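# Commentary on secondary and tertiary structure
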Amino acid sequence: AQSVSQHNHHVILSEAASLELGCNYSYGGTVNLFWYVQYPGQHLQLLLKYFSGDPLVKGIKGFEAEFIKSKFSFNLRKPSVQWSDTAEYFCAAPTFDGLTFGKGTHLIIQP
Amino acid sequence: DAGVTQSPTHLIKTRGQQVTLRCSPKSGHDTVSWYQQALGQGPQFIFQYYEEEERQRGNFPDRFSGHQFPNYSSELNVNALLLGDSALYLCASSPQQNTGELFFGEGSRLTVL
């Protein structure tokens with residue numbers, strides 16, 4: 001079955017640390033991939049997206065993600081996190097069951 | 001420009017009851033999707049409506065049904081509620097079908113006792 005998996009469910013970092021959250025998808029063919037973020041008390045919102053072209057995509061707030069087809073991966077990165085990056089992060093991809101989300105990574109940034 | 005609005009924000013029901021949740025999409029959007037998000041989980045796709053018809057459905061029983069109105073707003077109905085239906089129900093809209101670029105509302109928190 002088509003699926004999206006996230007490796008880290010809880011991540012705690014200090015401010016200024018570098019961040020990488022893992023995401024893998026299980027299907028081939030045309031691949032569209034997304035990262036969504038849910039800040040505390042706010043609605044889910046799009047962080048960045050990959051449709052085609054340059055495998056390194058830039059999103060809001062300094063986030064980026066790299067699509068590596070050979071590894072079926074779309075990891076989210078940020079060189080230096082801030083306290084305000086504390087949130088729940090979801091990787092997602094369109095499948096036969098609509099937009100399929102991973103289980104999410106709860107990121108806590110300590111000041 | 002209002003984003004996606006959902007109502008009610010919170011509600012409590014008992015097992016066996018029925019519930020209706022409502023959603024108004026973002027201005028200019030004609031496609032509405034519904035998701036269920038259990039605690040500690042990612043959102044799970046329930047179904048998508050476009051042109052007043054259900055276009056795609058996830059792995060949810062027939063107790064979950066919906067409707068889309070001519071003004072693109074939508075309802076989610078759940079019959080014969082079970083304890084396991086307790087979750088955050090999210091509505092998302094998009095300007096076209098089958099895109100992963102969704103705009104989400106803040107959700108309706110349903111508690112079934």
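Residues numbered from 1 in each chain as written. Chains lettered and ligands numbered in written order. Predicted model: local features only at pLDDT ≥ 70, side-chain atom pairs only at ≥ 80, totals over all residues. Heavy atoms only, no water.

### Details of the interface of chain B and chain A
We apply this condition: For this analysis, residues touch if any pair of their heavy atoms sits within 4.5 Å. As a working definition, buried area equals the accessible area (1.4 Å probe) given up by two parts on being put together, with both sides summed. Basic side-chain nitrogens of Lys or Arg form a salt bridge, by our definition, when they fall within 4 Å of a carboxyl oxygen of Asp or Glu. Strands are runs of DSSP state E lasting at least two residues, helices are runs of H or I lasting at least four, and both sets are numbered from the N terminus onward. Side-chain classes are defined by residue name, with Ala, Val, Leu, Ile, Met, Phe, Trp, Tyr, Cys and Pro counting as nonpolar, Asp, Glu, Lys and Arg as charged, and the others, Gly among them, as polar.
Of the residues lining the interface, 16 residues belong to chain B; the matching set on chain A comes to 18 residues. A combined buried area of about 1,400 Å² lies between chain B and chain A, and 53% of that area is made up of carbon and sulfur atoms. Contact with chain A buries area across many residues of chain B, yet Gly-100, Glu-101 and Phe-104 of chain B alone supply 35% of it, more than any other trio. For the salt bridge of Lys-49 of chain A with Glu-101 of chain B, the shortest nitrogen-to-oxygen distance reads 2.7 Å. Put simply, the parts of the chain that give the side of chain B that touches chain A at least two residues each are strand E4 (31-37) and strand E6 (53-57) of chain B. A class-by-class count of the residues in the side of chain B that touches chain A yields five nonpolar, eight polar and three charged.

### Description of the nonpolar core
The condition is simple: Only buried residues count toward a nonpolar core. Its members are Ala, Val, Leu, Ile, Met, Phe, Trp, Tyr and Cys residues joined through side-chain atoms within 4.5 Å. Burial here depends on accessible area, computed with a 1.4 Å probe over protein chains only, as a share of the maximum for the residue type. Under 20% is buried, over 50% is exposed, and the range in between is partly exposed.
Among the nonpolar cores identified, the biggest contains 29 residues, and Trp-35, Leu-48, Phe-74, Leu-76 and Tyr-89 of chain A are the most heavily contacted of them. With residues near it in sequence (within four places) discarded, Tyr-89 of chain A still touches Gln-6, Leu-21, Trp-35, Tyr-36, Val-37, Tyr-39, Leu-47, Phe-63, Leu-76, Gly-104, Thr-105 and Leu-107 of chain A.

### What about the environment of Leu-76 of chain B?
Residue and element names in this part refer to chain B. Within the fold, Leu-76 resides in strand E8 (residues 74-78). Looking at Leu-76, the relative accessible area reads 0%, which means it is buried. Between the C-alpha atom of Leu-76 and that of Cys-91, which follows or precedes it by 15 residues, the distance is 9.1 Å. The residues contacting Leu-76, other than those within four sequence positions of it, are Val-19, Thr-20, Leu-21, Trp-34, Ile-46, Phe-47, Phe-64, Ser-65, Gly-66 and Tyr-89.

### Quick word on the sheet that holds strand E3 (residues 19-24) of chain B
Residue and element names in this part refer to chain B. Note the threshold: Strands qualify as paired when DSSP identifies two bridges or more between them. The angle between two axes is taken between their N-to-C directions and runs from 0 to 180 degrees, where each axis is a line fitted to C-alpha atoms and a helix contributes only its stretch in contact.
Here four strands make up an open sheet; going across it, the order is E1-E3-E8-E7 and the pairing antiparallel. Of all the strands in the sheet, the pair left with one neighbour each is strand E1 (5-7) and strand E7 (64-68). Between one strand axis and the next, the sheet turns by 20 degrees as a mean value, whatever way the strands run. As judged from the five bridges shared by E7 and E8, these two strands associate in the antiparallel manner. Bridge pairing in E8 links His-67 to Glu-75.

Note that every value here comes from positions in space, so none of it alone points to a role or purpose.
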